[in-house]
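# Notes for the structure review
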Amino acid sequence: MSEPTFNAPTRKPVRLCVRCNVVTDAPVVVSEVHQSSGPGFNVYACPKCAPLFPALPDAFDLLNGWRGRNEDGAE
Ligand SMILES: [Zn+2]
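Residues numbered from 1 in each chain as written. Predicted model: local features only at pLDDT ≥ 70, side-chain atom pairs only at ≥ 80, totals over all residues.

## Description of the overall build of the protein
Counting its secondary structure elements, the protein contains one helix and four strands. Going residue by residue from the N terminus, the α and β elements of the protein occur as β-β-β-β-α. Sequence-distant contacts, at least 24 apart, represent 36% of the contacts inside the protein between residues at least 6 apart. (Helix = DSSP H or I, 4+ residues; strand = E, 2+ residues; numbered from the N terminus. Contact = placed C-beta atoms within 7 Å.)

Here you go:
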């Protein structure tokens, strides 16, 4: 008689893969979205898709890329 133990204190973090839309219980953070208003959120992928994403981009790199130089006219 061996029954599975369902007494885990916390539920597994189940997330939707952003690429294949499959629910995975082993989500991998592939991107962090930062918002100016309110908290940001993480983008998850399943372990199968995670290697297909580039390494986590640095938030500051993203901001610098989005802003561009001609936005503020400096330089
Ligand atoms: Zn996936």
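Now, onward.
## Quick look at the environment of Arg15
Structurally, Arg15 can be placed in strand β1 (residues 15-16). Judged by C-beta crowding, with 19 C-beta atoms within 10 Å, Arg15 ranks as partly exposed. Between the C-alpha atoms of Arg15 and Ala26, which are eleven residues apart in sequence, the distance is 7.8 Å. Setting aside anything within four residues of it in sequence, one finds Arg15 in contact with Thr24, Pro27 and Tyr44. (Buried ≥ 20, exposed ≤ 12 C-beta atoms within 10 Å, placed from the backbone.)

## Looking at the nonpolar core
Note on soluble globular proteins: their nonpolar side chains tend to be buried together. Membership of the largest hydrophobic core is limited to five residues, which are Cys17, Val30, Tyr44, Ala45 and Cys46. Excluding residues that lie within four positions of it along the chain, Cys17 makes contacts with Val22, Thr24, Tyr44, Ala45, Cys46 and Cys49. (Core = buried A, V, L, I, M, F, W, Y, C linked by C-beta atoms within 7 Å.)

## Observations concerning the confidence of the model for the protein
With 63% of its residues at a pLDDT of 70 or more, the protein has an overall mean of 79. By mean pLDDT, the top-scoring element of the protein is strand β2 (residues 23-24) (96), and the lowest-scoring one is helix α1 (residues 59-67) (65). (pLDDT = per-residue confidence, 0-100.)

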